[in-house]
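# An overview of the molecular structure
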Amino acid sequence: MPRPVLSTYRLQMRGDCCTFDDAVNLLDYLDRLGISHLYLSPILTAADGSTHGYDVTDPTTVSRALGGPEGLRKLSDAARKRNIGLVVDIVPNHVGVAHAEQNRWWWDLLRYGRSSAYADYFDIDWELDGGRIVLPVLGSDDDVNDLVVDGDRLRLGDLAFPVAPGTGSGTGREVHDRQHYRLTGWRNGICGYRRFFSITSLAALRQEDRAVFDASHVEVKRWFDEGLVDGLRIDHPDGLSDPASYLRWLREITGPEAWIVVEKILAADESLDASLPVDGTTGYDALREVGGLFIAPSGQSTLTAVSGRPEPEAERALKSAAVTDTLASELGRLCRAITTATARNDPQLPAAVAALISRIGVYRSDYPALGAILPVAMQETSAAAPELTDALSTIAVALSVSAEVVARFNQLCGAATAKAVEDCLFYRDTRLVSLNEVGGAPELFGVSTAEFHQRTATRMRAWPTAMTTLSTHDTKRGEDVRARIGLLSQVPVTWADSVERWTTMSAPPDRDTALFLWQNIFGVWPVDGNVTDALRGRLHAYAEKAIREAATRTSWHDPSADFENDVHGWLDRVFDGPVAAELTALVNQLAAHAHNDSLGQKLIQLTAPGIPDVYQGTETIEDSLVDPDNRRPVDYAALREAMARGDDDKLRVTMAALALRRARPNTFLAGGYTPLPASGSAATHLVSYLRGQDVVVAACRWTVELAETGWADTALPLPDGRWLDLLSGRRWSGLVPLTELLADSPVALLERTDD
């Protein structure tokens, strides 16, 4: 019987620093921290040297680099002795094919083509090149001339490809031309297989085929058959042909008690489909809600005036461009499927598909609960572009008669949203970048207490064991960096004046780039002003990634050395020039308020409905930026020392909340959620609620203004009973003035002691 999941702790497994043995050595620390389950990043065999595990090359084996199946069993047994369970992240949508020889399924497919035993495992576009698999792996098509025959392989630099039996005589190009694949330049925009978004090194699997599902889940099934694992996190199920069927099959092999959460990115007005046999999402919705509470709406107009906001038309244009350019290969395949299904070859089909997808605000719209989204988008598209009406009708017919069209349309829709919004628009929108997060809704500028309480009560009723999170391996900024940047909503005039002055002092090469990077620099700037070589390097790497994702003056496909050098030069002027002292002064001025918000959002995430995940290292204040920065090794020796000292506020809050979850599991799993509003002139500065009948949570917010006004007459009416604050050790009952309750801390965690 799986152990009930009360909380999780995410470890980024890496062969060079976080193996199963390393995890075993952390169990004593994690036990003291208070978690119920250890949550591992992908552990199946991945590409050699992988630091993340999402490029699985053999889904049938546990990674030897991490310790193999023996290491997994050792970890599971050691964790169980401490009453800690295991949750594992799995990757059903794709496998890694960057180095073909490391993936035996892919290697066999390339060697034997359609006669391969694995030909049906991959979503190959067999019609694209007369039955040959088009591999966009070359710098240019002319690189085929540099192929070298090496026994039963073709080689080009560090790349190797198989040679079909009996075809190995002649020059490299002659041998290449006899193979079941064709190597081509990546700039051609043509790919012969479905990918993960636009990443050609990740080839999609056909999980809609039960034989493929069974073959790729044989190891996952073993984990549950042998009781090694209690739950799963499912990476990007929206990329699959039929996510709902996949999840039903998964539930069959894991059993009804397994805890399963899905990486489902929900729009602000989207609910997770209740028919799915899962426990909920991985928590990006909760991340937006909790973090949004600390954004001051009063700062919206000033920050908008500083940088403006992308109009809806801008987002639609980016999505349309992503469909027609970045995802051109997928668009072509979808249009051919539509033509086949309808016997109508409409030249407007590509434009109609792109325009239609640009008006769909969710990853995919074929879940039963989302049935109204697509017809509304069709009507809006037709009204905005009457010339596309006939093509839209063709699309509608194809969607009604072809399951393939439905699947490919929705797969393209999700990829377009990811590439256009999360990986581009969120790097261009400069109003308040802490809102530009996966699953975020920056246009809403935060979350009111009314919205928060409503959404949280709904989660308690509908998905009480969904995961909640504040940081992940995919967040664009860690939770404490977002908390500090979010403070700018409380001091918008100060920020506007500072940015104007700093921009003049440092002469950035591009104003919009500077507006974006200023906030991120502020988010990680050290309190003592000492920019170490490590931090300097991290910020340079982050800036390069950010400007390439924004793709206004440079990009991944066409990097501009001149612009990038100018940006790097500007960063050095910021680090070494007069702006640095002003940055340090502002960070110090707001440091206490950033600390308040970090503690407040952490306590809320750990105690509100759902199963909280603590991403590695975030039990204390940390300064991670986007990957790979947020996947750096964690200094657990320092965390152990902080735990022993007991003087780290965030660590104390985390430990107290997790210990209370252990002590009162029913309160947090089934005890209900009741908003508990304060009374008085500063009541809007408090977020508070009751869990069950025995836990009260209180956190202050917008503390810059609060420092000026004070709590005055504001008080929190506690429910009947006597209450102990587990953080301060003080006891309370009745109507408690907030000047007393929060005299020494921005948060309180009260446990009823008379029950």
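In this report, we go over the structure that sits alongside the text. The structure displayed is predicted, hence computed values, not measured ones. Numbering of residues starts from 1 in every chain and runs along the sequence as written. Given that the model is predicted, a residue must reach a pLDDT of at least 70 before its local features are reported, and side-chain atom pairs must reach 80 or more before they are shown or counted; all residues, however, enter totals for whole chains, interfaces and linings. Remark: hydrogens and water are excluded; side-chain values derive from all non-hydrogen atoms of the structure.

## A word on the environment of Ala-415
Cut-off, in case you're wondering: Starting at the N terminus, helices and strands are each numbered in turn, a helix being any DSSP run of H or I of at least four residues and a strand any DSSP run of E of at least two. The buried label applies to any residue whose accessible area, calculated with a 1.4 Å probe on protein chains only, is under 20% of its type's maximum; exposed applies above 50%, and partly exposed to all values in between. Working rule for contacts: check all heavy atoms of both residues, and any pair within 4.5 Å makes them a contact.
Its location among the elements puts Ala-415 in helix H15 (residues 403–422). The class for Ala-415 is buried, based on a relative accessible area of 6%. Distance in space between the C-alpha atoms of Ala-415 and Leu-266 is 14 Å, their sequence separation being 149 residues. Residue contacts for Ala-415: discarding those within four places in its chain leaves Phe-197 and Leu-327.

## Some details on the pairing of strand S21 (residues 695–700)
Every other side chain in a regular strand lies on the same face of the sheet, so the side chains alternate between the two faces. How we decide: Here, strands pair whenever DSSP counts at least two bridges between them.
Most of S21 sits out of view: six of its six residues are buried. Taking every second residue as pointing to the same face, both faces of S21 are buried, with Val-695, Val-697 and Ala-699 on one and Val-696, Ala-698 and Cys-700 on the other. Pairing of strand S20 (residues 686–691) with S21 involves six bridges; the strand directions are antiparallel. In the sheet register, Tyr-689 faces S21, and the bridge partner there is Val-697. A loop of three residues connects S20 with S21, the two strands running antiparallel in sequence, and Gly-692 in this loop sits at a positive phi of about 60°.

## Some details on the pattern of salt bridges
For the record, the criterion: Put simply, a salt bridge is a Lys or Arg side-chain nitrogen that is within 4 Å of an Asp or Glu carboxyl oxygen.
Inspection of every chain in the model, using the stated rule, returns 63 salt bridges. As a salt-bridge pair, Arg-222 and Glu-226 come within 3.0 Å of each other at their nearest N and O atoms. Under the relative-accessibility criterion, Glu-226 is labelled partly exposed at 37%. Residue Asp-627 is joined to Lys-545 by a salt bridge in which the shortest nitrogen-to-oxygen separation is 3.2 Å. In this pair, Asp-627 is assigned in the loop between strand S18 (611–615) and helix H23 (636–645) and Lys-545 in helix H20 (residues 533–550), connecting sequence segments 82 residues apart. A relative accessible area of 15% means that Lys-545 is categorised as buried.

## Section: the packing of aromatic side chains
Test applied: Side-chain rings of Phe, Tyr and Trp, where Trp is taken by its six-membered ring, are said to pair if the distance between their centres is within 6.5 Å; with planes under 30 degrees apart they count as stacked, over 60 as edge-to-face, and otherwise as tilted. Should the NZ of a Lys or the CZ of an Arg lie within 6 Å of a ring centre and within 35 degrees of the ring normal, that charge is described as sitting over the ring.
The full count for this structure, using the stated rule, is 18 aromatic pairs. Ring centres 5.5 Å apart and planes at 65° place the aromatic pair Phe-213 and Trp-249 in the edge-to-face group. On the criterion of sequence distance, the pair formed by Phe-213 in helix H5 (residues 210–216) and Trp-249 in helix H7 (residues 243–254) is long-range, its members being 36 residues apart. Exposure class is identical for Phe-213 and Trp-249. Each is buried. Arranged with centres 5.4 Å apart and planes meeting at 55°, the rings of Trp-502 and Trp-518 form a pair that is tilted. Within this pair, whereas Trp-502 is found in helix H18 (residues 492–506), its partner Trp-518 is found in helix H19 (residues 511–524), the two being separated by 16 residues in sequence. Judged by its relative accessible area of 0%, Trp-518 falls in the buried class. Taken together, Trp-495, Trp-502, Trp-518, Phe-522 and Trp-570 form an aromatic cluster joined through their ring pairs. In this structure, Arg-701 packs its charged tip against the face of Trp-702, placed 3.7 Å from the ring centre.

Read these as layout, nothing more, since geometry by itself doesn't imply function.
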